[in-house]
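Understanding the architecture of this molecule
Spelled out, the chains give:
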Amino acid sequence: MDYTIRFATINDLETIVEQRRAMMREIRECAEEPLETMANAFRPWLERKLRSKEYLEWLVIADDGSVAAGAGLWLLDWPPHILPSGHQGSRRAYLLNVYTAPEHRKRGLSRKLVGTVLEWTRDQGITAVSLHASRFGRPLYESLGFSPTNEMRLVL
């Protein structure tokens, strides 16, 4: 099967929402009610961010026209920092919603997709990319050079 990668448009909004729902279902193994709550809150956020170009999504399209995978990039305005040389830029990126449909897995699509996103990010002069890795994705991200940081979280 052949695959192509393209930027998502606002017309792909529901596809992105459904990919996020499927990803969360697999990672969290939760009931449908919290997934529906999340999807209903995510949809207007995503629409705003897609329209403002603060969020970009790449989709992998199979030769039958189906969406095989996707990955999103949230562009963040970031204050200056003391990271090593080259990391003082005012923008950072957060990689999220990386998902491959089960029937398209084990074909290197996530690696190719994330590589495409990282290449675009470098071309834009963005020098730092963060993400939250699930146990499923961690080996891929580590193989691409991502490393754990000292980020902490408090849920209020």
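Here goes a summary of the coordinates provided. None of the values given here were measured: they were computed from a predicted structure.

Here tryptophan 74 is to be found in strand 3 (residues 67–77). Residue tryptophan 74 is classed as partly exposed on the basis of its relative accessible area of 27%. Residue contacts for tryptophan 74: discarding those within four places in its chain leaves Trp45, Lys49, Glu54, Tyr55, Arg92, Ala93, Tyr94 and Leu96.

On the surface, a cluster of negative charge is contributed by Asp2, Asp63, Asp64 and Glu103. Checked against the element boundaries, aspartate 64 lands in the loop between strand 2 (55–62) and strand 3.

Look at asparagine 97: it is not a glycine, yet its phi comes out positive at around 60 degrees. Inspection of the secondary structure puts asparagine 97 in strand 4 (residues 91–100). Classification of asparagine 97 by relative accessible area gives buried; the value is 5%. A positive phi angle, near 65 degrees, is found at lysine 106, a position not held by glycine. Mapped onto the elements, lysine 106 comes out in the loop between strand 4 and helix 3 (109–123).

Sheet strands associate in pairs through backbone hydrogen bonding, adopting either a parallel or an antiparallel arrangement. One open sheet accounts for 5 strands, arranged 1-2-3-4-5; its pairing is mixed. Two strands lie at the open edges of the sheet, namely strand 1 (3–7) and strand 5 (129–131), each paired on one side alone. Between one strand axis and the next, the sheet turns through 25 degrees on average, direction left out of account. Bridge analysis of strand 1 against strand 2 gives 5 bridges, and the strand direction is antiparallel. From the neighbouring strand, isoleucine 5 faces strand 2, where its bridge partner is valine 60. Contacting strand 2, strand 3 and strand 4, helix 2 (residues 32–52) runs over the sheet at an angle of about 100 degrees to strand 2. Lying on the sheet, helix 3 is in contact with strand 1, strand 2, strand 3, strand 4 and strand 5; it crosses strand 3 at an angle near 30 degrees.

Parameters at a glance
Residues numbered from 1 in each chain as written. Predicted model: local features only at pLDDT ≥ 70, side-chain atom pairs only at ≥ 80, totals over all residues. Heavy atoms only, no water. Helix = DSSP H or I, 4+ residues; strand = E, 2+ residues; numbered from the N terminus. Buried < 20%, exposed > 50% of the residue type's maximum accessible area, 1.4 Å probe, protein only. Contact = heavy atoms within 4.5 Å. Patch = residues over 30% accessible without salt bridge, like charges linked within 9 Å, V, L, I, M, F, W, Y side chains within 5 Å. Areas by Shrake-Rupley, 256 points an atom, 1.4 Å probe, with all protein chains shown as cover. Salt bridge = Lys/Arg side-chain N within 4 Å of Asp/Glu carboxyl O. Lys, Arg positive; Asp, Glu negative; His and termini not counted. Charge placed at Lys NZ, Arg CZ, Asp CG, Glu CD. Pairing = 2+ DSSP bridges. Axes fitted to C-alpha atoms, helices over the stretch in contact; angles between N-to-C directions.

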